[in-house]
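# Working through the structure, step by step
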Amino acid sequence: MPSYELALVLRQLPRPELISVIRRTAEAILDKGGIIRKLENLGTRALPHKVSEHGVVHRVGTHFTIAFDTAPTKISDLKEEFGRDIDIVRRYIFKVEEPEEHKCTLHEEMLPPAYRKDVQQLIATAQKKQKPKYNYNSGLDYYPFQK
């Protein structure tokens, strides 16, 4: 199952109601067959601009991130369910891509550019793409007229 991250902005609520909203959100993920990996509270902050959601204007929000794994077919169901929840001001679900692993050695980096493999490959591709000399079946090696 792919990994996803849910970024939530909740309206300003007292602590017991905030816990019930997070519990509802977590249960929705678990009901769809998801596995919650991490839950992180980013605190209550002023929103960058006033946000109108469900007929109410919000200026302050509580931010949470939830890392979870679930099937890709369940994401649209989760978005729809979170969209109906009146306590959630904004919700974004991002697919978490695993970072690429690339080998880099200090010895290669310390070589002068002319001796590095990647620079030599660039030079080789540049030499392959050189334009052909003038040859329009004229028998001349040059273009006789001025350009």
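For the structure itself, look to the data block above.
A few points on the structure. (Residues numbered from 1 in each chain as written. Predicted model: local features only at pLDDT ≥ 70, side-chain atom pairs only at ≥ 80, totals over all residues. Heavy atoms only, no water.)

With that settled, consider the overall build of the protein. When you go through the protein residue by residue, the secondary structure sums to four helices and four strands. Along the chain direction, N to C, the helices and strands of the protein fall in the order β-α-β-β-α-β-α-α. Sequence-distant contacts in the protein: of pairs separated by 6 or more residues, those separated by 24 or more amount to 69%. Of the accessible surface of the protein, which amounts to about 11600 Å², a share of 53% is contributed by carbon and sulfur atoms. (Helix = DSSP H or I, 4+ residues; strand = E, 2+ residues; numbered from the N terminus. Contact = heavy atoms within 4.5 Å. Areas by Shrake-Rupley, 256 points an atom, 1.4 Å probe, with all protein chains shown as cover.)

This part covers the pattern of salt bridges. Between side chains of opposite charge, pairing is possible as soon as their charged atoms come close. All chains considered together, the criterion is met by nine salt bridges. As a salt-bridge pair, Arg91 and Glu53 come within 3.6 Å of each other at their nearest N and O atoms. Here Glu53 lies in strand S2 (residues 35–53) and Arg91 lies in strand S4 (residues 88–95), a separation of 38 residues in the sequence. Looking at Arg91, the relative accessible area reads 25%, which means it is partly exposed. The exposure class of Glu53 is buried, given its relative accessible area of 13%. Residues joined in a network through salt bridges with shared partners are Arg11, Arg24, Asp85 and Asp87. (Salt bridge = Lys/Arg side-chain N within 4 Å of Asp/Glu carboxyl O. Buried < 20%, exposed > 50% of the residue type's maximum accessible area, 1.4 Å probe, protein only.)

Inspection of the secondary structure assignment puts Val9 in strand S1 (residues 3–11). For Val9, a relative accessible area of 12% corresponds to the buried category. For the pair formed by Val9 and Arg45, sequence separation is 36 residues and the distance between their alpha carbons is 9.7 Å. Setting aside chain neighbours within four positions, we find Val9 in contact with Leu47, Gly61, Thr62, His63, Asp87, Ile88, Val89 and Arg90.

Glancing now at the packing of helix H1 (residues 15–31) against helix H2 (residues 75–84). Following both chains from N to C, one finds H1 and H2 inclined at 155°, their axes separated by 10 Å at the closest point. One finds that H1 runs roughly antiparallel with respect to H2. Crossing of H1 over H2 shows right-handed handedness. The residues of H2 that touch H1, namely those facing Thr25, Ala28 and Ile29, are Leu78, Glu81 and Phe82. (Axes fitted to C-alpha atoms, helices over the stretch in contact; angles between N-to-C directions. Parallel < 35°, antiparallel > 145°, perpendicular 65-115°, else oblique. Left-handed = near helix turned anticlockwise from the far one by under 90°.)

Moving on, we come to the sheet that holds S4. A sheet is described by the order of its strands in space; here four strands give the open sequence S2-S3-S1-S4, paired in antiparallel fashion. Unpaired on one side and paired on the other, S2 and S4 mark the two borders of the sheet. On average, each strand axis in the sheet is tilted by 20° relative to the strand beside it, whichever way the strands run. Where S1 and S4 come together, seven bridges link them in antiparallel fashion. Residue pairing across strands places Glu5 opposite Phe94, the latter belonging to S4. (Pairing = 2+ DSSP bridges.)

Attention now moves to the packing of aromatic side chains. Considering all chains together, one arrives at two aromatic pairs under this definition. Ring geometry for Tyr92 against Phe94: centres 6.3 Å apart, planes inclined by 25°, an arrangement best described as stacked. Classification of Tyr92 as partly exposed rests on a relative accessible area of 42%. (Phe/Tyr/Trp six-rings, centres within 6.5 Å; stacked < 30°, edge-to-face > 60°.)

Buried within H2 we find Ile75, Leu78 and Phe82. Summarising the axial view, the buried residues of H2 lie within an arc of 60°, below the 170-degree limit, and thus occupy one face. H2 presents Glu80 and Arg84 as exposed residues on the side facing more than 90 degrees away from its buried surface. Of the surrounding elements, those touching the buried residues of H2 are S1, H1, strand S3 (56–69) and S4. (Arc of directions from axis to C-beta.)

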